[in-house]
Every structure is written in structure tokens, then in C-alpha cells.
Amino acid sequence: MREYRFQSTPETIEALRQLRGAWRGLVVAEHSITVVLQDQRAVRIVSDTADVESLFDAYRLEAEVQSADGMYGVPVEAFAQGNNDIVLFTGVTWSEPAGAVRAEGLSETSVMHFSGHPGQLSDTAEVVCITTDAFVIAASDGSGVLIRTGLRPGSVEVERNPEKVRAFLMDRGYSAA
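Residues numbered from 1 in each chain as written. Predicted model: local features only at pLDDT ≥ 70, side-chain atom pairs only at ≥ 80, totals over all residues. Heavy atoms only, no water.

A. Representation of the overall build of the protein chain in the model. Broken down by element type, the protein chain carries two helices and 10 strands. Along the protein chain, helices (α) and strands (β) appear in the sequence β-α-β-β-β-β-β-β-β-β-β-α when read from the amino end. If you line up the protein chain on its principal axes, its C-alpha atoms span 55 × 35 × 30 Å. Going through the 177 residues of the protein chain one by one, you find that 43% of them count as buried. Considering only intrachain contacts with a sequence separation of at least 6, the fraction spanning at least 24 residues in the protein chain is 63%. On the protein chain, roughly 9,500 Å² of surface is accessible, and the fraction owed to carbon and sulfur atoms is 49%. A distance of 4 Å separates the average location of the 15 positive side-chain charges in the protein chain from that of its 25 negative side-chain charges. (Helix = DSSP H or I, 4+ residues; strand = E, 2+ residues; numbered from the N terminus. Buried < 20%, exposed > 50% of the residue type's maximum accessible area, 1.4 Å probe, protein only. Contact = heavy atoms within 4.5 Å. Areas by Shrake-Rupley, 256 points an atom, 1.4 Å probe, with all protein chains shown as cover. Lys, Arg positive; Asp, Glu negative; His and termini not counted. Charge placed at Lys NZ, Arg CZ, Asp CG, Glu CD.)

Following this line, the structure appears as C-alpha cells:
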């Protein structure tokens, strides 16, 4: 197995730390999520792509702090007071050898690519890339927001439904409740 790493940079981690502070609003687009902070700054989150090997791409979340001049976003009351917590999650993208996984319409020489969490990685994976694919921000009232790489290449998804956030946390082994 060939293993690569494409995880958050120190700059991204520092930008994400800013999400602990008070929020003014949230701007959601297909390829980015922007959290507008109360202090006139914004944290913009995008999906970053790495060409790991020929025909094998991996995705991670990347964040940067920007000026929020003129930005407001949709208010997110639970996060307006600050004291938020953030947890980053490790994901994996891997390929299976030709013929190891069958799917309708694919030839025996086709190679399949998968993404998930480390516990889903198969023993037959040929190429593996460890990524930072998601994070959850929790407000002091217990509500949370899940931000993760999307199913479409380059997209970012945001989930605020408490049941879906809870299911994600349980799937990643973070919460048993």
C-alpha cells in the first residue's frame, strides 16, 4: 500500500481557531462556507485538491481569515456569544486494485476510489491518502454545525440538522450518546 498525507496546514488550523469566537452570520455557497465573525473578520472554508497520483485526487478542508467588510450572512444565534468549540476529523481516500471491487458497467480493469473515515479503509487498498475532511463546531448551548468536503469534487457541505450532526459524530466514534 502506498500512503500519502494531505491534512490541514498550520495556517488552516489557526484560521479555524477563530471560529471559537462570536459569529455574526454564515454564508453558504457550493464551493465555500464563510463564517462572518463579530470582529469584522471572516473565515472562508474551501475544499483543496491534491493530485496524489495519476487519476487519484484527494480533498481536504482549507481555511483562511479575510476581511468581512460588508458581509453579514445568515445569523446563527447559537454561535453569536462565542465560547464555541471545534473538532477536526481525519478522513481517508483510497483506491482498490483492478477487479477487487465490482460495479455494474465497470470493466475488470477498472480501479475504484473510495472516501470515508479510517475505520472504513479496506485491507486491499492500493493507494491511501489521509486527509482532514470534516470538522464540527459546537456552540455553548450544545448545538452544532458540521462542515465537510462534499460528494462533488471541490464542493463543501454544511449540516446543521442535530440528528445528522449526531449521526456523523457517532460514525466517527466521537460520541456514543
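Having seen the structure, we can now continue with the description.
B. Region of interest: the pattern of salt bridges. This structure, assessed with the given rule, holds nine salt bridges. Two residues, Asp 39 and Arg 41, come together in a salt bridge whose shortest N-O distance is 2.9 Å. Classification of Arg 41 by relative accessible area gives partly exposed; the value is 27%. Each of Asp 48, Arg 60 and Glu 62 takes part in salt bridges that share partners, so that together they form one network. (Salt bridge = Lys/Arg side-chain N within 4 Å of Asp/Glu carboxyl O.)

C. Quick look at unusual backbone geometry. With a phi close to 70°, Gln 40 is a non-glycine residue in the positive phi region. Residue placement: Gln 40 occurs in the loop between strand E3 (32-37) and strand E4 (41-53). Positive phi outside glycine occurs at Asn 83, with the angle close to 60°. Considering the arrangement of structural elements, one finds Asn 83 in the loop between strand E5 (56-67) and strand E6 (85-96).

D. Representation of the side chain of His 117. Here His 117 lies in the loop between strand E7 (112-116) and strand E8 (127-138). On the basis of relative accessible area, His 117 is assigned to the buried category, the value being 13%. At 3.4 Å, the side chain of His 117 and the backbone oxygen of Asp 171 are in polar contact. Setting aside its immediate chain neighbours within four residues, His 117 contacts Thr 90, Gly 91, Val 92, Asp 171 and Arg 172. (Polar contact = N/O pair within 3.5 Å; in protein donor to acceptor, adjacent residues only side chain to side chain.)

E. Representation of the pairing of E8 in the model. Burial analysis of E8 places 11 of its 12 residues in the buried class, the great majority of the element. Two elements, strand E1 (residues 2-6) and E8, share five bridges in a ladder whose sense is parallel. In the sheet register, Arg 2 faces E8, and the bridge partner there is Val 127. Sheet topology places E6 next to E8; 11 bridges connect them, and they run antiparallel. Bridge pairing in E8 places Asp 85 opposite Ala 138. (Pairing = 2+ DSSP bridges.)

F. Spatial organisation of helix H2 (residues 162-171). Within H2, the full set of buried residues consists of Val 165, Phe 168 and Leu 169. All buried residues of H2 lie within an arc of 100° about the axis, which places them on one face of the element. Exposed residues lying more than 90 degrees from the buried face of H2 are Glu 163 and Lys 164. On its buried side, H2 packs onto E6, E8, strand E9 (144-149) and strand E10 (156-159). Of the residues flanking the start of H2, the one acting as N-cap is Asn 161, its side-chain oxygen 2.8 Å from the backbone nitrogen of Glu 163. Looking one or two places after H2, you find Gly 173, whose phi comes out positive at around 80°. (Arc of directions from axis to C-beta.)

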